[in-house]
Amino acid sequence: MRHLLDTESLGRDNAIAILDTAQEMSAVGEREVKKLPALRGRTVVNLFFEDSTRTRISFEAAAKRLSADVINFSAKGSSVSKGESLKDTAQTLEAMSADAVVIRHWASGAPARLATSGWIDAAVINAGDGTHAHPTQALLDAFTMRTHWARLTGTPSVGGDLAGMRVLIVGDVLHSRVARSNVWLLRTLGARVTLVAPPTLLPVGVEHWPCEVSYDLDATLEAGVDAVMMLRVQAERMKASFFPSAREYARRWGFDDARLARLDALALKDTIVMHPGPMNRGLEISSGAADSPRSTVLDQVRNGVSVRMAALYLLLSGDMKAVPTPALPAFAQPAAKDHP
Amino acid sequence: MASTPAPSGQSPSSAATPNSSRTVLSAADIDRALTRIAYEILEANKGSANLLLLGIPRRGFPLAQRLAAKLAATDPSIDPAAITGQLDVTMFRDDLAHQPTRAPQRTELPATGIDGKVVVLVDDVLYSGRTIRAALDALVDLGRPQAVRLAVLVDRGHRELPIRADHVGKNLPTSSSEKVRVRLAEIDGPGTADEVVIEAGA
């Protein structure tokens with residue numbers, strides 16, 4: 001792997017390698033010295049053109065646990081607000097010899113542009129671009145599910161996948177890069193995914209995605225499910241009215257206390273409730289569900305650091321194997337990092 | 001004549017294969033060496049108090065388990081499972097940027113931790129010494145042992161760092177173009193016979 005841009009092009013072997021590495025990384029958080037020297041002397045730049053709490057902190061914690069130097073950049077308060085282009089910003093970072101760029105951008109495809117344009121030589125990790133992809137979130141979700149699934153099926157989680165797991169992804173699929181990345185990754189890992197959303201919040205062409213689609217949350221819950229992933233209603237991206245009122249949305253597609261009780265009534269005692277955060281409590285998920293023992297919200301945050309450590313380690317150590325990402329233009333590979 | 005490619009009844013003992021290899025330690029040799037190392041460890045430590053055996057993945061760990069079983073055979077007060085652990089050194093290597101990416105292995109320590117213990121690092125082959133340097137760094141992050149010793153099955157020379165083993169199964173003079181392969185049933189599959197083989201370099 002050279003870049004981590006989306007989960008659609010991420011092969012099964014690479015996905016499982018990241019999850020297995022993350023498994024070993026998770027032990028570091030419990031040690032006396034919570035740091036590994038693997039990326040000492042490497043520089044990781046967090047390039048955030050869009051607001052973020054947990055993703056940025058998580059990447060920063062991951063890079064620091066691997067002893068990399070971290071430079072945080074947010075568009076607010078930088079030259080971007082003076083109109084600097086992505087290219088100029090990227091080349092500024094290149095001049096400071098960044099080894100990896102973690103980028104979040106409001107435009108879908110910005111990380112791919114950065115990775116393939118030849119502007120910079122660093123490894124690019126997509127930390128969410130527009131409504132396109134958020135691969136590390138999907139990987140940490142898969143990691144959380146795999147831990148749960150391995151415990152249920154009694155198999156070791158290292159090397160395992162999610163074969164046969166039934167996953168619901170519920171809510172604002174239209175604006176969700178998390179849903180898109182999860183659909184592709186979970187398909188690769190063998191899970192059966194069903195999207196549940198109001199018809200207005202499903203994107204055009206969803207029928208071609210490798211998943212099923214339903215409009216009825218209660219019916220899909222009754223059919224049996226192992227993990228329910230609630231998506232945030234992304235009000236900041238909603239420029240039109242997609243549902244009549246918040247209360248109607250919460251009643252039909254929100255995971256409320258009644259549906260939490262319904263899981264017990266359906267004897268689905270091992271079903272987990274996931275949310276990528278930040279949560280709109282009372283809208284897509286009730287406080288009762290978010291704080292219940294079924295909720296894995298905080299596990300997801302914890303696993304996020306491990307998964308991002310794994311991604312940084314695998315991208316930054318060793319000579320990178322060629323991957324089927326779009327071919328780089330004729331451009332010097334980082335054979336010798338000599339400064340002129 | 002080589003005009004007919006039909007397989008002749010050639011004996012497999014012909015040493016003229018292009019990638020010749022010879023067995024330097026058989027299963028019985030390995031077992032005897034480990035028995036001796038186990039006694040040496042007990043002797044150097046003046047008993048079994050505070051001993052911990054940490055194997056370096058992958059083949060150091062089964063060797064550590066075998067050593068622990070041998071220690072327990074001489075001193076019944078030892079619980080072999082409670083003094084054996086595994087120490088992954090991948091993230092502490094000095095060649096991470098130059099080698100193909102290595103997947104980290106599991107680090108598992110005995111419940112007692114390593115503080116104040118006599119830690120015996122166990123590995124299969126001692127070569128440049130860089131793995132052991134990485135292991136020493138990894139240990140520092142886990143605690144403060146009272147002492148660290150090193151037991152290896154094979155010492156093949158060509159050290160690049162000032163590191164030496166306390167207990168050696170066999171000193172094996174090699175050329176650096178040769179490869180030393182250790183096969184252990186625990187790692188290479190239950191059907192594999194334990195052996196140490198020298199293969200000529202490509």
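Just so you know, these numbers come straight off a predicted model, no measurement behind them. (Residues numbered from 1 in each chain as written. Chains lettered and ligands numbered in written order. Predicted model: local features only at pLDDT ≥ 70, side-chain atom pairs only at ≥ 80, totals over all residues.)

Caption draft 1: Region of the structure containing the overall build of chain B. Tallying secondary structure elements over chain B gives four helices and eight strands in all. The secondary structure elements of chain B, listed N-terminal to C-terminal, are β-α-β-α-β-β-α-β-β-β-α-β. Oriented by its inertia axes, the alpha-carbon framework of chain B measures out at about 70 × 40 × 30 Å. For chain B, with 202 residues in total, the buried portion stands at 34%. Summarising the internal contacts of chain B: among those between residues at least 6 apart in sequence, 69% fall at separations of at least 24. (Helix = DSSP H or I, 4+ residues; strand = E, 2+ residues; numbered from the N terminus. Buried ≥ 20, exposed ≤ 12 C-beta atoms within 10 Å, placed from the backbone. Contact = placed C-beta atoms within 7 Å.)

Caption draft 2: Broad picture of the interface of chain A and chain B. Residue-level contacts link 15 residues of chain A with 16 residues of chain B. The dominant element in the side of chain A that touches chain B, judged by the number of residues it contributes, is helix H1 (residues 12-26) of chain A, at four residues. Classifying every residue of the side of chain A that touches chain B gives seven nonpolar, three polar and five charged. (Nonpolar A, V, L, I, M, F, W, Y, C, P; charged D, E, K, R; others polar.)

Caption draft 3: Spatial organisation of the domain arrangement of chain A. All names here are of chain A. Taken domain by domain, chain A consists of domain 1 (12-134 + 301-316) and domain 2 (135-297). Computed from C-alpha atoms alone, the centre-to-centre distance between domain 1 and domain 2 is 26 Å. Among the elements of the structure, H1, strand E4 (123-129) and helix H11 (297-316) are those that each provide at least two residues to the side of domain 1 that touches domain 2. At eight residues, the largest contribution of residues to the side of domain 1 that touches domain 2 is made by H1. (Domains from an automatic or database assignment.)

Caption draft 4: Here's a closer look at the sheet that holds strand E1 (residues 21-25) of chain B. Residues and elements named next belong to chain B. What the three strands build is an open sheet, ordered E1-E8-E7; its pairing is antiparallel. Single-partner strands in this sheet number two, and they are E1 and strand E7 (179-183). Strand-to-strand twist in this sheet, taken as the mean axis angle between neighbours without regard to direction, amounts to 30°. Here E1 runs beside strand E8 (residues 195-199); their pairing, made up of four bridges, is antiparallel. Within E8, the position partnered with Leu 25 by the bridge is Val 196. (Pairing = 2+ DSSP bridges. Axes fitted to C-alpha atoms, helices over the stretch in contact; angles between N-to-C directions.)

Caption draft 5: Region of interest: the UniProt feature "domain: Phosphoribosyltransferase" (unreviewed entry) in chain B. The positions UniProt marks with the feature "domain: Phosphoribosyltransferase" (unreviewed entry) are residues 30-167 of chain B. Strand forms 20% of residues 30-167 of chain B and helix 31%; the C-alpha atoms that close the span are 14 Å apart. (UniProt positions renumbered as here; feature names shortened; annotations may be inferred.)

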